[in-house]
Every structure is written in structure tokens, then in C-alpha cells.
Amino acid sequence: MSITIDQEKVRYQKWTKLAEEGVDLFPHRAAITHTVSQVKQQYESLKEEELEKKEIKVSVPGRILTIRRMGRATFFHLGDALNRLQGYLRQDQIGQEAYRRFSLLDIGDIISIQGRLFRTRTGELTVLVEEYTFLAKCFHPLPEKWHGLQDVELRYRKRYLDLMINPEAARVFWLRSALIAEIRRFFDERGYIEVETPMMHPIPGGALARPFETFHNALGIELYLRIAPELYLKRLVVGGFDKVYEINRNFRNEGISSQHNPEFTMLEFYEAYKDYHDMMEMTEELLVYLSQKILGTLELTFGEYSLSLKRPWRKVRFYEALAEFSGLSPAKLKNEREVIELASQLASEKTPLSYGKALDVLFDKQVKPKLIQPTFVINPPKEISPLAKASPENPNEAERFELIMAGMEIANAFSELTDPLEQKRRFEQQLEERKKGDEESHAIDLDYVQALEYGLPPTGGEGIGIDRLTMIFANKQSIREVILFPLLRPKG
RNA sequence: GGGCCGUUAGCUCAGAGGGAGAGCACCGGCCUUUUAAGCCGGGUGUCGCUGGUUCGAGUCCAGCACGGCUCACCA
């Protein structure tokens, strides 16, 4: 422990004083009857007369967040993850010694208090303390009570302070937890099996992205942190797990932004005998369910926008969305050379561009940011969808959709390509792209092709970014606000 | 990676060539229903780091570190 500032010295001295007075500095357990939040939930509705009549005794632990000493009486607040509860200490109630010893406590210390509930003159539910127990020392001064911890960097690096001090921060992660719990309930109730597939892949696949590389010493092989679980999940569908889902981390070795963290959490689910139309139905059902259950509404606020989840959501074909928002006429969009040139200007580093990739660039730049309400963009170019079935009506398009909300891609799904010969051809095309310098092209995975050779039934598959979904539900504009420990450069 | 902005007390922030400041927190005193408690007194600091310009740098310049926004890449 390094004690560097005066306030820390004072805290350390108070703590050693407690030791001299025989206080157990590292108690092994605390006998508690309620948490702060439980007291609030159970008794917030009771009036003072009821509290007086019922004589409710509680033993509550918490961190001291405020102290107001007023001579021979002291008010303070104890906090847990989401709530705070006031305590009232009177010398004539607790005795001179215990009252004096309380002055050796600091804001940030963790104690438990025993006493009965009452309401103060101003009506606040409060514990009239009869006894208190020291549980842990806080050796550092806490951030300011009114402004909280504002420094964004400190909030991420010392997330525990953020959670302790800023109630909004804690709320977001409780919401995220509820979201994931409800997602599990949704799929479990539909007869899905939840699985965990490898995070370390010999061949990185299932998405178009650059992987992190690592090495296994005993086997002497290169491994890659997974960029997607997709190929493993479909192997499981081959094996007879007709309804399968996984919620887990993906890793992509790319830039960091308000919408990208190198590791992020993805829900992927696959259901046999379904296609991408079914997946759209299910996506609406899932998000409507989550929103009703967690927020109790279908009208969400996201920054300056209001998002309505009222079904049905808009469906627009990829090419039509491009024509609508990019200002290019359908004729121009069909002019491959012109499209490639235009896209190259928008994404200078991304050369050389194929026609399909160029269309994708145009879509990302000029269409995606303008799609605010939940919108299924369907049938993108087959070329950028090497794992999706082609559309029977238009062989250049994939049976695929992306769900866009608030300008962000939230979900991506398709009718899975089940033809092993076609899959192999698509992989070979991707290899050609790689030879031309596209590091994000899909690697060939012959073991996966072989799995398809055993027969993958018609299958709908989908991925939903949990972090971004949490952003939408929690009204947070930065992905770092919904990831407890976002990746930061280590501080020198 | 590029551009712009930021980094001053434990926290939140002001200060823009010449005495290092405020509020909260902290320390001492008073105060038994307060709640951003109040009253009296006290400033606790490597002004991110390293150089430079200058008689003099928290302030101007350069480099570096970390962060934010944004562009690029991506989901």
C-alpha cells in the first residue's frame, strides 16, 4: 500500500487507532438481515406511524457515502450497488464511547448498522442506529459527492470507483445483466440449447475481419482468437442441435471507437428448418420482448432520437436503400466502375475494391448513418456474404439481412449456405480476394466444408451484438459505457 | 494511424508571461431530525513528462505520454 497524500495518512492513522481500541480490522463475516436496496424496496412505502408501531429492526451493510456530524448526533448514508440508506446516530442512544469511536470512520469505509427504522422530520427512511460494526477500511479519499467521478479515463481505469460513486454507471451494468438474462430465458423457452464453442481457432472464420494471433507452446501451433463462433455453431446443427445459441466474446484486431471494442460480446443463434425471413420475425419478437420486459415500453430514447420498436419494422432491399439514401440512380448503381471509383474515394485505404465491397462501402458511409428506426436491410451482394445462400430470384444477392438501429448495425443474419460444393467455391473466391490484398477475406476451412458434406439442414442463423444492444437500451452513445473494463492503453 | 481538443489540490473546475486559486473532501473548534446541513479557522500542489524561448513559464514553442471527439478500419 502506498500512502502518498495527507488524507491517506489521516485515514491510516484512524484505522490503526481502531486496532488499538480492539476493533477487528478484517472481520470474517457480517450478520446482516437486509441489503440497503432490500430495506428500500420493503419499507419505503411505510409511513412513520406504521414504522413506529412495527418496530422494524434491521442489520444492514454498506459503504459510507456521506457523513453529516452535528455535535452529539450524526447522519450518514450507506450505499450498496444501486441505493443509499440514511443512518442516524445519537450519542444518548449509542453511548459516549461508541459515538466517539464513530468519529474514527471515514467516507468510503464499509460498516454494518443495527437498529430500527423510522422517518426523519423531512420524511426520509432512516435507521436509528443502536450498534454498528466495522467491516472494511477505505484508505483513499473518494471522489466528490456532488459531481461524482467525471474523468472518463479514471472511470474506465478504476471502474470500481465509478460504480461506487456514480449510480448511473451501476444502473447500466444491471440493465446489461438483465438483458442477457432475458435473452437466455427467451431462447431457453423456445427449446434452444446454450453451448460454448472454442475461443481459440486454428482457422479464424465466420466473419470478415482480422484476428488476434497467439501460439500454443505444447502443440507448437498458431492459434487465433475467434472472430465469430459461426462455423462451430453450424457444425453443431449438423450434429443434430437444431436450435443452438451462444453468448460469448469475439475478438477482432481492428480499431477502437465509440462503437468498437477489440473484444465484444455476441449472441449467435441458429435454428434448423428456418430461413432469414423467420429470423426477421424472431428478431422482432426478441427485441420487443426484451424492451417490454426490461424497460416496460416499446418507445426508446437514444440520444436525440426516439426509437419505436412497434412491429412490423421497415424492410428495405439493400439496393433500394442505396438508391434512396446515396443519391445515386439505380442505373449508376449498376455501373460497376463508377461505383468502385466512388467508394474508393470514400475509403481511401481500402483498395482494391471489388464491386460488391464498393457497394458495401457506399452503404456503410451513406446509408447506415441515416437509418435510425429499426430497419431490416435485406439482400446485400452475395459477394460480401460468403456464408449465406444466394437469393433464388437474384443470384447476385444473398438471403441475408442486417438490422440497423440508430445508425448502428445491431444484428446480421442469413439463410445459411448449406451446399458444400458452393461453400467451397465461395471460400476459393475469398482466397482470390486475399491474394489481391484483402486481409479481411474469409479463410478456407475445409473441415467446415466436410461438416456440410454430412448434411446441414436448411438453417437460419443470426448474430446480435450485445454491447450495442445494451447501448440502445441504456441510451449510451459510447460502447465503453456498457463494457465494464474497455481496452485502454496501459498507462506508463 | 490522421486531424482537433484536453491533462492545475484526493475529486469537480477557474486561472492564458511576473504573488498557485474556488467548491467539495480533509484538519481544528461549535452544533442531538440533518441531507449539496450550518457557523468560525486552516491550502494540503512535481500545474501530465522532457526540453526550449524568456530577466522570468502553470501560461509561449517543440517532442513525448495518456485520454476525449472525429476521420479511417470494422460489428
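About the criteria used
Residues numbered from 1 in each chain as written. Chains lettered and ligands numbered in written order. Predicted model: local features only at pLDDT ≥ 70, side-chain atom pairs only at ≥ 80, totals over all residues. Heavy atoms only, no water. Buried < 20%, exposed > 50% of the residue type's maximum accessible area, 1.4 Å probe, protein only. Helix = DSSP H or I, 4+ residues; strand = E, 2+ residues; numbered from the N terminus. Pairing = 2+ DSSP bridges. Salt bridge = Lys/Arg side-chain N within 4 Å of Asp/Glu carboxyl O. 1 Å grid on protein atoms, 1.4 Å probe; cavity = no way out; pocket = protein on both sides within 12 Å on 5 of 7 lines; lining within 4 Å. Points joined across faces, edges and corners; volume = space filled by probe spheres on them. Axes fitted to C-alpha atoms, helices over the stretch in contact; angles between N-to-C directions. Parallel < 35°, antiparallel > 145°, perpendicular 65-115°, else oblique. Left-handed = near helix turned anticlockwise from the far one by under 90°. Contact = heavy atoms within 4.5 Å. Domains from an automatic or database assignment. Phe/Tyr/Trp six-rings, centres within 6.5 Å; stacked < 30°, edge-to-face > 60°. Expected span 1.5 Å × (residues − 1). Core = buried A, V, L, I, M, F, W, Y, C linked by side-chain atoms within 4.5 Å.

## Details of the pairing of strand E3 (residues 84-90)
Here comes step 1: For E3, the tally of buried residues reaches five of seven residues, placing the bulk of the element in the interior.
Here comes step 2: Summarising the sheet, strand E2 (residues 73-79) and E3 pair through seven bridges and their orientation is antiparallel. Across the sheet, residue Leu78 finds its bridge partner in E3, namely Leu85.
Here comes step 3: Count of turn residues in the E2/E3 antiparallel hairpin: four residues.

## Considerations on the pattern of salt bridges
Here comes step 1: Enumeration over the complete set of coordinates arrives at 44 salt bridges.
Here comes step 2: Among the ionic pairs, Glu153 bridges to Arg157, the shortest N-O distance being 2.9 Å. One end of the pair, Glu153, and the other, Arg157, are both in helix H6 (residues 152-157), four residues apart, so they sit about a helical turn from each other.
Here comes step 3: With a relative accessible area of 34%, Glu153 lands in the partly exposed category.
Here comes step 4: When its relative accessible area of 33% is taken as the criterion, Arg157 is described as partly exposed.
Here comes step 5: Among the salt bridges present, the one from Arg159 reaches Asp162, with a minimum N-O distance of 2.8 Å. With a gap of three residues between them, Arg159 and Asp162 both fall in helix H7 (residues 159-165), about one helical turn apart. Exposure class is identical for Arg159 and Asp162. Each is buried.
Here comes step 6: A single salt-bridge network, built from bridges that share partners, covers Lys17, Glu21, Glu97, Arg100 and Arg101.

## Let's talk about the layout of surface pockets
Here comes step 1: For the second largest pocket, the calculated volume is near 420 Å³.
Here comes step 2: Lining of the second largest pocket is provided by 18 residues; of these, Tyr319, Tyr355, Leu359, Asn394 and Asn396 occupy positions nearest its centre.
Here comes step 3: For the lining of the second largest pocket, the secondary-structure elements that each account for two or more residues are helix H11 (318-326), helix H12 (330-334) and helix H14 (355-367).

## Things to note about the packing of H11 against H14
Here comes step 1: Closest axis-to-axis distance for the H11/H14 pair is 10 Å, and the angle between their directions is 50 degrees. Classed by the angle they form, the pair H11 and H14 counts as oblique. The handedness of the crossing between H11 and H14 is left-handed. In this structure, H11 contributes Phe318, Tyr319, Ala321, Leu322, Phe325 and Ser326 to the contact, and H14 contributes Tyr355, Leu359, Asp360, Leu362, Phe363, Gln366 and Val367.

## A closer look at the domain arrangement of chain A
Here comes step 1: According to the domain assignment, chain A consists of domain 1 (6-142) and domain 2 (165-313 + 373-481).
Here comes step 2: For domain 1 versus domain 2, the separation of C-alpha centres amounts to 47 Å.

## Notes on unusual backbone geometry
Here comes step 1: Cis geometry marks the peptide bond from Arg311 to Pro312, where omega comes out at -5 degrees.
Here comes step 2: One can find Pro312 in the loop between strand E13 (305-308) and strand E14 (314-317).
Here comes step 3: Phi is positive for Asn379, which is not a glycine, with a value near 60 degrees.
Here comes step 4: Tracing the chain through its elements places Asn379 in the loop between strand E15 (375-378) and strand E16 (400-405).

## Quick word on the packing of aromatic side chains
Here comes step 1: Evaluated as defined, the whole model comprises 19 aromatic pairs.
Here comes step 2: With centroids separated by 5.8 Å and ring planes inclined at 45 degrees, the aromatic side chains of Phe186 and Tyr289 adopt a geometry described as tilted. Within this pair, whereas Phe186 is found in helix H8 (residues 167-189), its partner Tyr289 is found in helix H10 (residues 276-295), the two being separated by 103 residues in sequence.
Here comes step 3: Relative to Tyr245, the ring of Tyr192 lies with its centre 6.3 Å away and its plane at 65 degrees, an arrangement referred to as edge-to-face. Here Tyr192, found in the loop between H8 and strand E6 (193-194), pairs with Tyr245, found in strand E10 (residues 243-251); they are 53 residues apart in sequence, far enough to count as distant.

## Section: H14
Here comes step 1: Over its 13 residues, H14 extends 17 Å from the first C-alpha to the last, a length consistent with the 18 Å expected when each residue adds 1.5 Å.
Here comes step 2: When H14 is considered as a whole, its buried residues turn out to be Tyr355, Gly356, Lys357, Ala358, Leu359, Val361, Leu362, Phe363 and Val367.
Here comes step 3: Looking at the buried residues of H14, the elements they touch are H11, H12, helix H13 (336-346), E15 and E16.

## Some points on the pairing of E15
Here comes step 1: Side chains of E15 alternate between two faces, with Thr375 and Val377 and Phe376 and Ile378 buried alike.
Here comes step 2: The pairing of E15 with E16 spans four bridges and is antiparallel. In the strand pairing of E16, Thr375 is matched with Ile404.

## A closer look at the sheet that holds strand E7 (residues 200-201)
Here comes step 1: The antiparallel open sheet is built from three strands, whose spatial order is E7-E9-E8. Pairing within the sheet leaves two strands with one partner each, and these edge strands are E7 and strand E8 (213-216).
Here comes step 2: In terms of strand pairing, E8 meets strand E9 (residues 221-225) through four bridges, oriented antiparallel. Residue pairing across strands places His216 opposite Ile221, the latter belonging to E9.

## Here's the deal with the sheet that holds E6
Here comes step 1: One open sheet holds the eight strands; their spatial order is E6-E10-E11-E18-E17-E16-E15-E14, and the pairing between them is mixed. Edge positions in the open sheet fall to E6 and E14, since each of these has one partner strand only.
Here comes step 2: Looking at chain direction, E14 and E15 are connected through four bridges and run parallel. When the sheet's bridge partners are listed, Arg317 is paired in E15 with Ile378.

## A short note on the nonpolar core
Here comes step 1: Counting residues in hydrophobic clusters, the biggest one holds 48 residues, and the most contacted among them are Ile183, Phe187, Leu267, Phe269, Leu286, Leu469 and Ile472.
Here comes step 2: If we skip the residues at most four places from it in the chain, Phe269 touches Phe187, Tyr192, Val244, Tyr245, Met279, Met282, Gly460, Gly461, Glu462 and Ile464.
Here comes step 3: With 32 residues, the next largest nonpolar core counts Val39, Ile67, Phe102 and Val127 among its residues.

## Details of the environment of Met408
Here comes step 1: Its place among the elements puts Met408 in strand E17 (residues 408-415).
Here comes step 2: Of the residues examined, Met408 reaches a relative accessible area of 2% and is grouped as buried.

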